[in-house]
Amino acid sequence: MFIEITKKENYAILVLNRESSLNALNSEILQELRDQLKILNSDPKMRGFIITGKGNKAFCAGADIIEMKDMTPDEAEEFARKGHKTMNAISNSDLISIAAVNGYALGGGLELALACDLRIASSNAKFALPETGLGLVPGFGGTQRLPRIVGRGIALEMILTGELIDAEKALQIGLINYVFHIEELLPKAEEMMEKILNHKGKEAQKIAKWLVHSGSELPLTASLEREITSFASLFEKKEPKIGIEAFLKKEKPNF
Ligand code: CO8
């Protein structure tokens, strides 16, 4: 098993556990991640998950270079598709995801963090898309997700130079939201998850996540229209009633 899973009340912590290869993503670990997500998605108690890496050195050092070494174009396509399926399963899930980046997040490792909704990092974290230095391009979504998060200029610089950036720089460009000491990283990720989940509408958060992610694929007028109809659709659910009544009673809502 390459994924350690700990379930809390309404979220799970997934730890990439392949420390001897700096948690590199081989076919098995990609499949396992997807299988675990399927289980979490179908558990009605689950509302989010945190992904981190085993150890203090790496979140994930990328796709497994050894597995890629002798790939034919067909095998490479299959591997890239497998990676995309896993990354899409994360970003399309109704569950809220936080990447707690505890060291190197390189290549496919950074792409894994990019597929999550939010990213925080330890002060020793280092980020890069070094694929062009291997004669490759990012193949697990990096060419598309990175520019959507940090802008085209910074993304192209990272992709074309392949250079490492540190946690402070990652914070400055908006790649991550916070930097913490490594010992504090997981407790802070859990604190953040609890802040997100407690006393917030599940349906509302599911729709908010979908609106933000899917909106960037649409023209502005269409995505704004989608916001209106989604806003209205929530009034068919019981959540707005609970939330608004609690506000008026000066209480915390219990959805
Ligand atoms: N794959 C497999 N093994 C790895 C990887 C990796 N990506 N990264 C590190 N390892 C292994 C090393 O081979 C080493 O194993 P061993 O002990 O058996 O020699 C062990 O992990 C420890 O690594 P190092 O000895 O290299 O540790 P250092 O502290 O000297 O260096 C680095 C740490 C800087 C992180 C270094 O390991 C490194 O540069 N790793 C490779 C990073 C990289 O280039 N990642 C991008 C890979 S390409 C990619 O992710 C493309 C994604 C899309 C794929 C599309 C599919 C077709």
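As a starting point, this report considers the structure included with it. From a predicted model like this one, the values you see are computed outputs, not experimental measurements. Starting afresh in each chain, residues are numbered from 1 along the sequence in its written order. Side-chain atom pairs in this predicted model are given and counted only at pLDDT of 80 or more, local residue features only at pLDDT of at least 70, and totals for whole chains, interfaces and linings cover all residues. Calculated side-chain values reflect all of the structure's heavy atoms, with hydrogen atoms and water omitted.

### Digging into helix H3 (residues 73–91)
Threshold: Starting at the N terminus, helices and strands are each numbered in turn, a helix being any DSSP run of H or I of at least four residues and a strand any DSSP run of E of at least two. By this rule, a helix spans an expected 1.5 Å times one less than how many residues it contains. Remark: exposure states derive from per-residue accessible area (1.4 Å probe, protein chains only) relative to the maximum for the residue type, with buried under 20%, exposed over 50%, and partly exposed in between. Within this analysis, the arc is defined by the directions that extend from the helix axis to the C-beta atoms.
When the terminal C-alpha atoms of H3 are compared, their 26 Å separation across 19 residues agrees well with the 27 Å that a helix rising 1.5 Å per residue should span. Within H3, the full set of buried residues consists of Phe79, Gly83, Thr86, Met87, Ile90 and Ser91. Each buried residue of H3 sits inside an arc of 135° when the element is viewed along its axis, so together they form one side. Among the exposed residues of H3, those oriented more than 90 degrees off its buried face are Pro73, Asp74, Glu78, Arg81 and Lys85.

### A word on the pairing of strand E7 (residues 118–122)
Stated precisely, the cut-off is as follows: Only strands joined by at least two bridges in the DSSP assignment are considered to pair.
With four of five residues buried, E7 is to be regarded as a mostly interior element. Examined bridge by bridge, strand E5 (residues 96–101) and E7 share four bridges and lie parallel to one another. Bridging across to E7, valine 101 finds its partner in alanine 121. Bridging between E7 and strand E10 (residues 178–180) involves three bridges; their strand directions are parallel. Bridge pairing in E10 links isoleucine 120 to tyrosine 178.

### Thoughts on unusual backbone geometry
Backbone geometry follows two general trends: most residues other than glycine have a negative phi, and most peptide bonds adopt the trans configuration. Phi at asparagine 23 is positive, roughly 60°, even though this residue is not glycine. Considering the arrangement of structural elements, one finds asparagine 23 in the loop between strand E2 (11–16) and helix H1 (27–41). Located in the positive-phi region is histidine 199, a residue other than glycine, with phi close to 60°. As for its position among the elements, histidine 199 is in the loop between helix H8 (182–197) and helix H9 (202–215). By relative accessible area, histidine 199 is classed as partly exposed at 36%.

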